[in-house]
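One-letter residues, chain by chain:
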Amino acid sequence: MTAYDYRILYRTFSRLIQNRLGLTMVDLNANGKVPVPPYVAIDIISPKLPQSFLEEDGVFEAILSFTVYDKSKLDCLIKANELREMFGDQLTEDELEKQDIVLVERMEIQLRSVAETNAYAYMAGFDCRLRLQESYVDEGTGEILDIELNKGEITNE
């Protein structure tokens, strides 16, 4: 049986965004108190795009949406651009690699603000395409992380 724990994405990106940009990341559709802007909202908009019709290798792609909320339109655009550029640097690539996440594509920044006069915050964001690997899980034993082979002699007995 294979499965992917999407919490890995939330933990990885939340840590990166907090440590590198000092911004809080929240789930776009979660209930709870919304932080004071600026902050980043994440949404998984396409959770599993198979890479082959067999789907036997457990490799798939997912599309995530990142939206920056800020009180000023220009500050919002600046922070969205900083976030997008951060996703393209070596430090981020190294962190993603540790979690078996490959950034395939960063799409362009879009203004996502709703046109209303009493706007709570301005919004700008972009989407990312990621390549992910499902983990093999053996029922009753959990996730297989390492396989150790005996280093002894092999005989034909």
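In this convention, every chain numbers its residues from 1, walking through the sequence in written order. Whole-chain, interface and lining totals are the exception, using all residues; otherwise, since this is a predicted model, local features are given only for residues with pLDDT of at least 70 and side-chain atom pairs are given and counted only at 80 or more. Where side-chain values are given, they derive from all heavy atoms of the structure, hydrogens and water being excluded.

### Regarding the overall build of the chain
Inference 1: Looking only at helices and strands, one finds 3 helices and 9 strands in the chain.
Inference 2: Strands are runs of DSSP state E lasting at least two residues, helices are runs of H or I lasting at least four, and both sets are numbered from the N terminus onward. Of the regular secondary structure in the chain, the N- to C-terminal order runs β-α-β-β-β-α-α-β-β-β-β-β.
Inference 3: Buried positions account for 31% of the 157 residues belonging to the chain.
Inference 4: Here the chain displays about 10,500 Å² of accessible surface, and carbon together with sulfur accounts for 49% of that area. Burial classes: relative accessible area under 20% of the type maximum marks a residue as buried, over 50% as exposed, and values in between as partly exposed (1.4 Å probe, protein chains only). Computed with a 1.4 Å probe, the accessible areas rest on the Shrake-Rupley method; for each residue, only the protein chains presented here act as cover.

### Description of the packing of aromatic side chains
Inference 1: Only centres within 6.5 Å qualify two rings of Phe, Tyr or Trp (six-membered ring in Trp) as a pair; their planes then separate them into stacked at under 30 degrees, edge-to-face at over 60, and tilted for everything else. Per the stated rule, a full pass over the model turns up 8 aromatic pairs.
Inference 2: An aromatic cluster is present here, built from Phe13, Phe66, Phe87 and Phe126 joined pairwise through their rings.

### Here's the deal with a negative patch on the surface
Inference 1: Together, Glu93, Asp94, Glu97 and Asp100 line one region of the surface with negative charge.
Inference 2: Tracing the sequence through the fold places glutamate 93 in helix H3 (residues 90-98).
Inference 3: Glutamate 93 gets classed as partly exposed once you look at its relative accessible area, which sits at 43%. Any residue with relative accessible area above 30% and no salt bridge may belong to a patch, with like charges joined within 9 Å and the nonpolar Val, Leu, Ile, Met, Phe, Trp and Tyr side chains within 5 Å. What counts as a salt bridge is simple: a side-chain nitrogen of Lys or Arg found within 4 Å of a carboxyl oxygen of Asp or Glu. Note that His is not counted, nor are the chain ends; the positive residues are Lys and Arg, and the negative ones are Asp and Glu. By convention, the point assigned to a charge is CZ for Arg, NZ for Lys, CD for Glu and CG for Asp.

### Looking at the environment of methionine 25
Inference 1: Topologically, methionine 25 is positioned in strand S2 (residues 25-27).
Inference 2: Placed 15 residues apart in sequence, methionine 25 and tyrosine 10 show a C-alpha to C-alpha distance of 8.5 Å.
Inference 3: Setting aside chain neighbours within four positions, we find methionine 25 in contact with Tyr10, Phe13, Ser14, Ile17, Val40 and Ile42. Contact definition: two residues touch when any of their heavy atoms are within 4.5 Å.

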